[in-house]
Structures are given as structure tokens and as C-alpha cells.
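Listed here are the chains, written in short residue letters.
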Amino acid sequence: MVSYGGINAVKGISLSIPEGKIVTLIGANGAGKSTTLKAVSGLVRPKNGQVLFNGQDLVGLSPDKIVKSGVVLVPEGRRVFPNLTVKENLILGAYLRKDDLSEDFAHVYDLFPRLKERAWQLAGTLSGGEQQMLAVGRALMSRPKVIMMDEPSLGLAPLVVQGIFSIIRDINASGITVLLVEQNANMALQVADYAYVLETGSITKSGTGAELLADESVREAYLGKRKAK
């Protein structure tokens, strides 16, 4: 359970993120999706319960120790450092590492050629889509086992959104587990191996991405359409 000023934002949910899969959380604004990611990443502390990763309870650990364990968050709104260059932002993603970063730069630039072209450009001058690429690339620099993404398509043009979801698939195909919070329920369920619906801090439905795409109540509430008869 996670509370803000006496209000229970997340009410004792239980969910499982299988290794190597894409799991998505969908729900309306205020449902508790972002709070769940913040609790996992150590940005807020649950009143009770556990967050287990590889047998270790992450509750009570500092955010940097959680990153070091292999769990990293790509925050809502990108949160790049606008007055630093693209490359400097990427270096900050690896701040806990002491080894050579050249292979990681090559990997990020392979995923996002645009970032390579703009390596010495200030992050604040990038487009919204480019900043989202940078936020994801920065997270990858820590070599995560699990990457959590909070609203990666927010405010982006449809064509850019398609590219971001393609990258999510590529990241997962490289062996990284993905936990995705996304308002674009249709796209999220298309890429998800498994999905949960959150409503006012509680899980109300779960199933494979395909199952929830076909669920009429989910379609009406989050996809804006009824299943064809």
C-alpha cells in the first residue's frame, strides 16, 4: 500500500513480472500506475508489503541501490538534463558504473541513430521524441535487467509513438524485462505479453495482452470501442 497525505494511492496490489517479458499496466489517470513504478524504484516507500526482485526485497533501499540491483525507471515527462549534451546525459545514466562505456554507447547509438547525430547537442534543444529516445538510452546505460517506462508515448506524434513501441520490442528482444505504464492502451496491449488493469489503486483485471484487447469491458473503457459482433 502507498499513501499520499492519508489517501491510499495503491491498495495492496499483487502482480508478477516474468523475466524476459513485457508487462503493462493500464488504467485511467489517478489509478495508481505511476505510483506503483515509483514504489518499485524507491522514489516512494510503501506503508507495507514487499517488492521482490531476484529474491531480494527492494522496499527500504535507496533509488541508487535499486538501480544497481538492475531495476531502472524511465520517468514520465522524460526528465532529461536540458543544459547538458546528449552524451553527458547518457554518461549520467551510467553514474554507478566504473567500467568502460564504449560498448554501451555503441548499443544506444545503434538503437537511436538520431542520438549519435546529436551527441554534442544540448538535450533541451531536442524534439519531444528525441528526448524520449534519450531518456530510454540513458536508462539503458546502467545495463538494467528490468526497465520500467512511465508513459513513453505521452505528447508524441503518432509516427514517433510507433517508433518508440518498436524500440520497446527491440529492448525486450535483447533480454531486458519491461514493465510499461501507458495511456495508449491499444498500443500497450499489442506489445504486452501480460497486462493488468488498475482502477483507483486496485487491480480489477489481468490476462495476456491479447485477452485484454478482446475483453469488451476493457475495449469500452480504455480503447473507446465495442467488440464487433
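Just so it is clear, the model here is predicted, and its values are computed rather than measured.

The rules behind these values
- Residues numbered from 1 in each chain as written.
- Predicted model: local features only at pLDDT ≥ 70, side-chain atom pairs only at ≥ 80, totals over all residues.
- Heavy atoms only, no water.
- Helix = DSSP H or I, 4+ residues; strand = E, 2+ residues; numbered from the N terminus.
- Buried < 20%, exposed > 50% of the residue type's maximum accessible area, 1.4 Å probe, protein only.
- Contact = heavy atoms within 4.5 Å.
- Areas by Shrake-Rupley, 256 points an atom, 1.4 Å probe, with all protein chains shown as cover.
- Lys, Arg positive; Asp, Glu negative; His and termini not counted.
- Charge placed at Lys NZ, Arg CZ, Asp CG, Glu CD.
- Polar contact = N/O pair within 3.5 Å; in protein donor to acceptor, adjacent residues only side chain to side chain.
- Pairing = 2+ DSSP bridges.
- Axes fitted to C-alpha atoms, helices over the stretch in contact; angles between N-to-C directions.
- Expected span 1.5 Å × (residues − 1).
- Arc of directions from axis to C-beta.
- Right-handed = clockwise from strand over helix to strand, strands pointing away.

### Digging into the overall build of the protein chain
1) Next: Of the regular secondary structure elements, the protein chain holds ten helices and ten strands.
2) Next: When the backbone C-alpha atoms are referred to their principal axes, the protein chain occupies close to 50 × 45 × 30 Å.
3) Next: Split into buried and exposed, the 229 residues of the protein chain put 47% on the buried side.
4) Next: At a minimum sequence separation of 6, the contacts of the protein chain that also span at least 24 residues come to 64%.
5) Next: Of the roughly 11,400 Å² that the protein chain leaves accessible, carbon and sulfur atoms contribute 51%.
6) Next: Positive and negative charge centroids in the protein chain, built from 26 and 22 side chains respectively, lie 4 Å apart.

### Comments concerning the side chain of S41
1) Next: Its place among the elements puts S41 in helix α1 (residues 33–41).
2) Next: Within the local environment of S41, its side chain forms a polar contact with the backbone oxygen of K38, the two atoms lying 3.2 Å apart.
3) Next: Setting aside its immediate chain neighbours within four residues, S41 contacts P63, I66, L73 and M148.

### Some remarks on the pairing of strand β9 (residues 194–199)
1) Next: Of the strand pairs in this sheet, strand β3 (residues 22–26) and β9 are connected by four bridges, and their pairing is parallel. Looking at β9, one finds that I26 is bridged to V197.

### Quick notes on the sheet that holds strand β10 (residues 202–208)
1) Next: One open sheet holds the six strands; their spatial order is β6-β7-β8-β3-β9-β10, and the pairing between them is mixed. In this open sheet, the two edge strands, each paired with only one partner strand, are β6 (71–74) and β10. Ignoring strand direction, the axes of neighbouring strands in this sheet form an average angle of 15 degrees.
2) Next: Of the pairings in the sheet, the one linking β3 to strand β8 (residues 177–181) comprises four bridges and is parallel in character. Bridging across to β8, V23 finds its partner in L179.

### Some words on the side chain of T177
1) Next: With respect to the element layout, T177 can be found in strand β8.
2) Next: Filtering out sequence-adjacent residues up to four positions away, T177 remains in contact with I17, P18, E19, G20, K21, K145, V146, I147 and N172.

### Considerations on unusual backbone geometry
1) Next: We note that R79 has phi near 55 degrees; this positive angle belongs to a residue other than glycine.
2) Next: Despite not being glycine, E151 has its phi angle at roughly 55 degrees, a positive value.
3) Next: Note on placement: E151 falls in the loop between β7 (146–150) and α7 (158–173).

### Section: the environment of S166
1) Next: Structurally, S166 is set in helix α7.
2) Next: For the pair S166 and V191, spaced 25 residues apart in the sequence, the C-alpha separation amounts to 8.9 Å.

### Considering α7
1) Next: Helix length check: α7 (16 residues) gives 23 Å between terminal C-alpha atoms against 22 Å at 1.5 Å per residue, within 8%.
2) Next: Residues of α7 that are buried: V161, I164, F165, I167, I168, I171 and N172. Down the axis of α7, the buried side of the element spans an arc of 155 degrees, and every buried residue falls inside it. Turned more than 90 degrees away from the buried face of α7, the exposed residues are L159 and A173.
3) Next: For α7, the elements touching its buried residues are β3, α4 (102–111), α6 (128–140), β7, β8 and α8 (185–191).

### Some thoughts on the pairing of β8
1) Next: For β8, the tally of buried residues reaches five of five residues, placing the bulk of the element in the interior.
2) Next: Neither face of β8 is open: one carries T177, L179 and V181, the other V178 and L180, and all of them are buried.
3) Next: Of the pairings in the sheet, the one linking β7 to β8 comprises five bridges and is parallel in character. Within β8, the position partnered with D150 by the bridge is V181.
4) Next: For the crossover from β7 across α7 to β8, the handedness is right-handed.

So, to be careful, I would describe these as geometric facts and stop short of saying anything about function.
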